[in-house]
Amino acid sequence: MMITLLLIVHGLLAVALLGAITHQALAVCVPSRAGQNSFVASLRRVRPAGYTSAIIVLYLLTVVMGLIIYPNYRIGSHDLIVALRRGQLMVGIFDIKEQFVAIGLGILPGYWYYWRKVAPSEAVVPRRALTLVLTVIVWWAFLVGHVVNNLAGVGV
């Protein structure tokens, strides 16, 4: 029961992170132009720098929650999937997810520096690149985490 609650909290943190990083990436890569009033334009019409601290905190909290529930996955679901000789691809993809998340942790200091310490008109390319890399990592981790969780739930 407790692991289920922790998994739900982990998922909610991941959804919040996903929303924040996606808003920031859209605002940086495809800013809205004056006069655009569509739903998509409103998603891009945010102050991207305002999301930086929230993204860093949410990333760290999501990783910590993942570390807390990881032993349960490793002992329970992972071993079940391997023992049944089914889903080895998903186990491998989940392992790659772990590596990407670790790379994201390594990127966070540079991401923080370019968003908080460098003037908005300077270093646009590194800021955009770091944001896009983190966005890809967060989306990958979110999608893979949910697919593996669902496979483990149905006893692949």
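Our subject in this report is the structure included herewith. (Residues numbered from 1 in each chain as written. Predicted model: local features only at pLDDT ≥ 70, side-chain atom pairs only at ≥ 80, totals over all residues. Heavy atoms only, no water.)

**Details of the nonpolar core**
Next up, step 1: Counting residues in each nonpolar core, the largest one holds 26 residues, and the members touching the most others are Tyr-59, Tyr-111 and Leu-134.
Next up, step 2: Only α1 (2-29), α3 (52-83), α4 (88-116) and α5 (124-153) provide two or more residues apiece to this core.
Next up, step 3: It is α1 that provides the largest number of residues to this core, a total of 8 residues.
Next up, step 4: Setting aside its immediate chain neighbours within four residues, Leu-134 contacts Ile-21, Tyr-59, Gly-104, Ile-107, Leu-108 and Tyr-111. (Core = buried A, V, L, I, M, F, W, Y, C linked by side-chain atoms within 4.5 Å. Buried < 20%, exposed > 50% of the residue type's maximum accessible area, 1.4 Å probe, protein only. Helix = DSSP H or I, 4+ residues; strand = E, 2+ residues; numbered from the N terminus. Contact = heavy atoms within 4.5 Å.)

**Some thoughts on the packing of aromatic side chains**
Next up, step 1: In total, this model carries 2 aromatic pairs according to the counting rule given.
Next up, step 2: With 5.9 Å between their ring centres and 70° between their planes, Phe-100 and Trp-140 make a pair best called edge-to-face. Of this pair, Phe-100 sits in helix α4 while Trp-140 sits in helix α5, and the two are 40 residues apart along the sequence.
Next up, step 3: With a relative accessible area of 33%, Phe-100 lands in the partly exposed category.
Next up, step 4: Taken together, a centroid distance of 5.2 Å and an interplanar angle of 80° make the contact between Tyr-113 and Tyr-114 edge-to-face.
Next up, step 5: Here Tyr-114 falls in the partly exposed class, since its relative accessible area comes to 27%.
Next up, step 6: Sitting above the plane of the Trp-115 ring, Arg-127 keeps its charged end 5.1 Å from the centroid. (Phe/Tyr/Trp six-rings, centres within 6.5 Å; stacked < 30°, edge-to-face > 60°. Lys NZ or Arg CZ within 6 Å of the ring centre and 35° of its normal.)

**A word on a nonpolar patch on the surface**
Next up, step 1: On the surface, a nonpolar cluster with roughly 330 Å² of combined accessible area is contributed by Ile-96, Phe-100, Ile-103 and Trp-140.
Next up, step 2: A per-element tally of the nonpolar patch places α4 first, with 3 residues.
Next up, step 3: On the basis of relative accessibility, which here comes to 32%, the residue Trp-140 falls in the partly exposed class. (Patch = residues over 30% accessible without salt bridge, like charges linked within 9 Å, V, L, I, M, F, W, Y side chains within 5 Å. Areas by Shrake-Rupley, 256 points an atom, 1.4 Å probe, with all protein chains shown as cover. Salt bridge = Lys/Arg side-chain N within 4 Å of Asp/Glu carboxyl O.)

So yeah, pure geometry; function would need other evidence.
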